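Reading the structure
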Amino acid sequence: MQIFDTLSRDFKELKTVNGKRLNVFVCGPTVYDKPHLGHARTYIFFDIFIRYLRYKGLRPFYLMNITDIDDKIINRANSENVPYNEISRRYSTEFFKIMKALRNESVNYYAFATDFINEIISQIERLMEKGYAYETSDGVYYSVEKFQDYGKLSHQDITQLKAGARVETNENKKNPLDFALWKKRKPNEPYWNSPWGEGRPGWHIEDTAITERFFGYHYDLHGGGIDLVFPHHEAEIAQMEAISGKPPLVDYWVHTGHLSVENVKMSKSLGNFITVEEILKSYWPESVRLMFIGMNYRDTSNFIMDGLNGSQTIAEKLTWIYRRVADTEAQEKENYDAFMKEIKEPLEKNMNTPDSLVAINDFIKWASNELNKTEGKNGEIKAILDDLDSIFGIVRKAPIPEAIVNTILEIRKSARAKGDYATSDKIRSDLSKLGIKIEDRGNESFAWW
RNA sequence: GGGUAGGUGGCAGAGCGGCGAUGCGCGGGACUGCAGAUCCCGUUUAUUGGGGUUCGAAUCCCCACCUACCCUCCA
């Protein structure tokens, strides 16, 4: 399949160097607040990407870091007057809860930065030995001028960066672009011991320490939000390739576009951050996923409520179909082959999920028609739904006590037979409030949820 | 100022040299006790602007304008 690589600015054929194994690292969150829709966008995309690779028969190892020590975490801890690790524990727990709620289940391992302090120190020591790092009164810094390729990922010219950028003022640094590998302890800050005294790791070094431990000097694919390209991923390249002397760090750099809300950039100051928690109070995770499937992952996209409402409609159609065939045995026959081909093909072209959605809609239309005519195609419909769910996670299979629902339907049926529509309508509307929809087809009724 | 990615109907969003998809929304009809779902029809000239290449351009080239992201933490 083809995938767009940020470094080469081109589509590249995805090849593995290790048979079916594919080592993948995606930048996880800094856990100092609740996840918002932008996080959902990025992590749902990578979840579907990995699910699809597995569906294809590859064996990706999906590694994600959790930044559990950082200025933001410390600030939040100070403002709440609690230890830093209470903040990181609270919001990492929240993050995992949200990931599960969104049906992002493909991560193999979450690596907490603070569990890799030894690896971090080891990397900094090696950078010092090789002359890429220097110590100052407040920390250890990476000297970007020592690394010839600095800027290659974001296609920046270091001298140009100096020219216009607002750069942090730090008298101790040789170059304003130099970034911290180790930050020496200030009063009331958490710390670990190191050859440079008590302190804590810089942000960029966490990720290379973790990936070196799991994957070594080189791995297949690195993902994250577009905003991380510079300086974060640039710094990762500088660190690991300087240490190893064996570029490249990774073969494919994959970045997701940002999400705005009702045409306004999401930001704390504007107060328009929409948390995933809030959205999931009113919408199914399947709907949220379908909404993002309808967007190209690389585009800067705009979230509008109408769009999510539309996705909810599609999610409900899929569920309606699923309920009708839930008890059927899956059959992978000709219609299954034809629809799955149409659905998979766009994914081969840089995960063009909007085009897959077209094929999914074709399937919905076909399946609805078939279900109105005959039961002959139910097995194939079931097989397609199973695959759709394993690739995209968009088929809702909520467990509801069917026996009870069926009993209620029987009661309602006799009410209708007597022409007692007041009762039958009340049952219908009450169940609807519980998320159970009833449809009448002649004398018989069908329930779904 | 520098870098990068883009500009297609009310909204979302494909197509990337040869009738401009698809979904949502909206309008109408069939069906229904009603509703929902489903089905059918419609939504009349939607490709930022201007040049160029070509028999033919949304698609390739040039110019302009506009947008987003990055150059500070950010998915």
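Given the structure is predicted, the values throughout are model-derived calculations rather than measurements.

Among the nonpolar cores identified, the biggest contains 131 residues, and Tyr-142, Met-351, Phe-363 and Phe-392 are the most heavily contacted of them. Looking at which domains feed residues into this core, each of domain 1 (2–259) and domain 2 (306–392) gives three or more. Setting aside residues up to four positions removed in sequence, Phe-363 forms contacts with Leu-318, Phe-339, Ile-381, Ile-384, Leu-385 and Leu-388.

Applying the stated rule across the entire model yields 33 salt bridges. Between Lys-341 and Glu-345 there is a salt bridge, and its shortest N-O distance comes to 3.1 Å. Here the residue Lys-341 and the residue Glu-345 both occupy positions in helix α11 (residues 334–348), the gap between them amounting to 4 residues, near one helical turn. Residue classification places Lys-341 among the partly exposed positions, given a relative accessible area of 45%. The partner of Lys-413 in a salt bridge is Glu-444, and the shortest N-O contact between them spans 2.9 Å. Residue Lys-413 is located in helix α14 (residues 402–417), and its partner Glu-444 is located in strand β16 (residues 444–448); the two are separated by 31 residues in the primary sequence. Residue classification places Glu-444 among the partly exposed residues on the basis of a relative accessible area of 46%. It is possible to trace a salt-bridge network through shared partners that takes in Arg-103, Glu-286, Lys-382, Asp-386, Asp-389 and Lys-397.

The first and last C-alpha atoms of helix α7 (residues 229–244) sit 21 Å apart over 16 residues, in line with the 22 Å expected at 1.5 Å per residue. One or two steps after α7, the chain reaches Gly-245, where phi turns positive at roughly 70°.

With that settled, the discussion passes to the sheet that holds strand β10 (residues 219–225). Overall, parallel pairing links the 5 strands, which are arranged β5-β4-β3-β10-β11 in an open sheet. Each having just a single partner strand, β5 (109–112) and β11 (250–256) make up the two edges of the open sheet. Direction aside, the axes of adjacent strands within the sheet are offset by 25° on average. Strand direction decides the pairing type here: strand β3 (residues 21–26) and β10, joined by 3 bridges, are parallel.

Here the focus is the packing of aromatic side chains. By the definition in use, this model includes 27 aromatic pairs. Ring centres of Phe-61 and Phe-215 lie 6.1 Å apart, and the angle between their planes is 85°; on these two criteria the pair is classed as edge-to-face. In this pair, Phe-61 sits in strand β4 (residues 59–66) while Phe-215 sits in helix α6 (residues 203–215), placing the two residues 154 residues apart along the sequence. Taken together, a centroid distance of 5.0 Å and an interplanar angle of 10° make the contact between Tyr-142 and Phe-179 stacked. Here the residue Tyr-142 occupies a position in strand β7 (residues 139–142), and Phe-179 occupies one in strand β8 (residues 179–184), the gap between them amounting to 37 residues. Assigned by exposure class, Tyr-142 and Phe-179 land together as buried. Linked through ring pairs, Phe-25, Phe-61, Tyr-109, Phe-116, Phe-214, Phe-215 and Tyr-219 together constitute an aromatic cluster. It is Arg-324 that lies over the ring of Phe-446; its NZ or CZ is 4.1 Å from the centre.

Looking at where Ala-447 falls in the secondary structure, it is placed in strand β16. Here Ala-447 falls in the buried class, since its relative accessible area comes to 10%. On a C-alpha basis, the gap between Ala-447 and Ser-137 in space is 69 Å, while along the polypeptide they are 310 residues apart. If we skip the residues at most four places from it in the chain, Ala-447 touches Arg-323, Val-405, Leu-409, Ile-436, Lys-437 and Ile-438.

About the criteria used
The numbering scheme is per chain: residues are counted from 1 as the chain's sequence reads. Key to labels: chains lettered from A, ligands numbered from 1, both in the order written. In keeping with the model being predicted, local features are shown solely for residues with a pLDDT of at least 70 and side-chain atom pairs are shown and tallied solely at 80 or more, while totals for entire chains, interfaces and linings include all residues. Computation of side-chain values covers all heavy atoms of the structure but excludes hydrogens and water. Among buried residues, those of type Ala, Val, Leu, Ile, Met, Phe, Trp, Tyr and Cys that are joined through side-chain atoms within 4.5 Å constitute a nonpolar core. A 1.4 Å probe rolled over the protein chains alone gives each residue an accessible area, and that area as a share of the maximum for its type sets the label: buried under 20%, exposed over 50%, partly exposed in between. Note that domain bounds follow an automatic or database assignment of domains. By the convention used here, residues are in contact when the closest approach between their heavy atoms is within 4.5 Å. By definition, a salt bridge exists where a carboxyl oxygen of Asp or Glu is found within 4 Å of a side-chain nitrogen of Lys or Arg. In this description a helix means any DSSP run of H or I spanning at least four residues, a strand means any run of E spanning at least two, and both kinds are numbered starting from the N terminus. Multiplying 1.5 Å by the helix residue count minus one yields the expected span of that helix. A strand pair is defined by DSSP finding two or more bridges across the two strands. Note on method: axes are straight lines fitted to C-alpha atoms, helices fitted across the in-contact stretch only, with angles between N-to-C directions ranging 0 to 180 degrees. For Phe, Tyr and Trp, where Trp contributes only its six-membered ring, two rings pair if their centres lie within 6.5 Å, and the inter-plane angle classes them as stacked under 30 degrees, edge-to-face over 60, or tilted in between. Placement of a positive charge over a ring is assigned whenever Lys NZ or Arg CZ falls within 6 Å of the ring centre and within 35 degrees of the normal to the ring plane.

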